[in-house]
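Observations on chain architecture
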Amino acid sequence: MPIIDSQVHAYEANTPRRPWHSVPNWPPHVTGDEMVAAMDRVGVDGAIFISAFSLYQYDASYALEVQRKHPGRFAIIKPVNPADPAVGEVIAEWKKQPGAVAVRIMMTAREAGLRPDDPGVDRIAREAARHGFPVNVLFWGNIEAGTTLIDRHPNTRFIIDHMAILQPRTPPAPPEPWADLPKVLALAQRPNALIKVSGACTLSRQPYPFPDIWDPLARLFDTWGFERCLWGTDWTRAFAVVNYEHAVEPFLRTDRLSERERAMLMGGACAKAYGWSPDKG
């Protein structure tokens, strides 16, 4: 089974040609070529490349460039704007792009108070379903709103980013990093939802190989089932907390997963969710 990272970001340096919207604490650049080299070093066969909202907002042009150059290594996802009255047409056009597998919306508490009954969000959910796209949704720190959104659209498949658990951008992890886990487990009752087990190592309060993540993850796996759990690193957002190798290796080496479970978590569920598998040629 191929290893697929369910969330990475690649991007150019911040220049006037393609300026960043904000400047997060990420490496100064991780181009598509650099991302492929990093994946090769740690044995990752392919990745779901999500155009970085914090850098490029709704412009996914760089993701398109990278996917054209490395079509067998990346599938691509574009954030879409609920405030755009033409967002349905945007989704229809995105569906035509090679390698496009989903769209994304941001519903964290700080994202302008976006409500789950926002007409633009409803439009995105309906149009994504009509075009056969799942909707990636980030609602860490805002789980109640995310739950309401998923319940409003039972015919839309939602892929929940980062376990819906707020993750640190700098170390250390918060005193109770898994405090929202009971709410996350309750979300598993929604048959139209899957969950990304991405960025988990950033929640550890112990050094590499982060042994304290496995008990809470076991509860998540038991409740959601491995067929609905998509492993990922969230590289490069996690850069200041954990390097790429250390985000991959604990999952490859742990004895807390059987080989069947590892294969499903680290690639099988992701391939099924997005209808895409890597081809290293």
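Above this text sits the structure in question.
The model shown is predicted, which means the values in this text are computed figures rather than measured ones.

Describing the pairing of strand β3 (residues 74-79)
Looking along a regular strand, one sees the side chains alternate between the two faces of the sheet. In terms of burial, β3 is a largely internal element, 6 of the 6 residues being buried. Of the two faces of β3, both are covered, the one formed by F74, I76 and K78 as well as the one formed by A75, I77 and P79. One ladder, built from 4 bridges, connects strand β2 (residues 46-50) with β3; its direction is parallel. Across the sheet, residue I48 finds its bridge partner in β3, namely A75.

Some words on the packing of aromatic side chains
This structure, assessed with the given rule, holds 10 aromatic pairs. Plain terms: the ring middles of Y208 and F210 are 5.7 Å apart, the flat faces sit at 85° to each other, and that makes the pair edge-to-face. Residue Y208 is classed as partly exposed on the basis of its relative accessible area, which comes to 35%. Given the relative accessible area of 8%, F210 is considered buried. Grouping aromatic residues by their ring pairs yields a cluster made of Y11, W20 and W26.

Looking at helix α4 (residues 87-95)
Side chains of residues three or four places apart in an α-helix project in the same direction, reflecting 3.6 residues per turn. Buried within α4 we find V87, G88, I91 and W94. For α4, the arc enclosing every buried residue in end-on projection is 125°, short of the 170-degree limit, so these residues lie on one face. Among the structural elements, α3 (61-69), β3, β4 (100-106) and α5 (119-130) are those in contact with the buried residues of α4.

Things to note about the pairing of strand β8 (residues 229-232)
Across the two faces of β8 the burial is the same, with C229 and W231 and L230 and G232 all buried. Here strand β7 (residues 193-198) pairs with β8 via 4 bridges, running parallel. Residue pairing across strands places S198 opposite G232, the latter belonging to β8.

Some thoughts on the pattern of salt bridges
Enumeration over the complete set of coordinates arrives at 19 salt bridges. Between E93 and K96 there is a salt bridge whose closest N-O contact spans 3.4 Å. The class of E93 is partly exposed, set by a relative accessible area of 41%. One salt bridge connects R152 with D122, and the closest N-O pair in it is separated by 2.5 Å.

Some thoughts on the sheet that holds β4
Sheet architecture is open: 8 strands sit in the order β1-β2-β3-β4-β5-β6-β7-β8, paired in parallel fashion. At either margin of the open sheet sits one strand with a lone partner, and together these are β1 (4-8) and β8. Neighbour to neighbour, the strand axes of the sheet diverge by 25° on average, direction disregarded. In this structure, strand β5 (residues 135-138) lies alongside strand β6 (residues 158-160), joined through 3 bridges in parallel fashion. Along β6, the bridge assignment pairs N136 with I159. α3 rests against β2 and β3 of the sheet, and its axis sits at about 170° to β3. Each of β1, β2, β3, β4, β5, β6, β7 and β8 touches helix α10 (residues 259-274); the most contacted strand, β8, lies at about 115° to it.

Quick notes on the environment of G267
Note on placement: G267 falls in helix α10. Residues G267 and V44 lie 223 residues apart in sequence; the distance between their C-alpha atoms is 9.6 Å. For G267, the residues in contact, after removing those within four places along its chain, are M1, P2 and I4.

Observations regarding the state of the cysteines
Tallied over the full model, the rule gives 0 disulfides. Free cysteine C201: the closest other cysteine sulfur is in C229, separated by 15 Å. Exposure remark for C229: the relative accessible area of 0% places this residue in the buried category.

A closer look at the packing of helix α1 (residues 32-42) against helix α9 (residues 244-253)
Two elements in contact, α1 and α9, have axes separated by 10 Å at closest approach and are oriented at 35°. For the pair α1 and α9, the crossing hand works out as right-handed. On α9, the residues that touch M35, A38, M39 and V42 of α1 are Y244, E245, V248 and L252.

Side note on the side chain of E12
Relative to the assigned elements, E12 resides in the loop between β1 and α1. Among the polar contacts listed, one links the side chain of E12 to the side chain of R18, at a separation of 2.6 Å. Residues contacting E12, with those up to four places away along its chain left out, are R17, R18, W20, P28, H29, Y56 and Y62.

Parameters and conventions
- Residues numbered from 1 in each chain as written.
- Predicted model: local features only at pLDDT ≥ 70, side-chain atom pairs only at ≥ 80, totals over all residues.
- Heavy atoms only, no water.
- Buried < 20%, exposed > 50% of the residue type's maximum accessible area, 1.4 Å probe, protein only.
- Helix = DSSP H or I, 4+ residues; strand = E, 2+ residues; numbered from the N terminus.
- Pairing = 2+ DSSP bridges.
- Phe/Tyr/Trp six-rings, centres within 6.5 Å; stacked < 30°, edge-to-face > 60°.
- Arc of directions from axis to C-beta.
- Contact = heavy atoms within 4.5 Å.
- Salt bridge = Lys/Arg side-chain N within 4 Å of Asp/Glu carboxyl O.
- Axes fitted to C-alpha atoms, helices over the stretch in contact; angles between N-to-C directions.
- Disulfide = S-S within 2.5 Å.
- Left-handed = near helix turned anticlockwise from the far one by under 90°.
- Polar contact = N/O pair within 3.5 Å; in protein donor to acceptor, adjacent residues only side chain to side chain.

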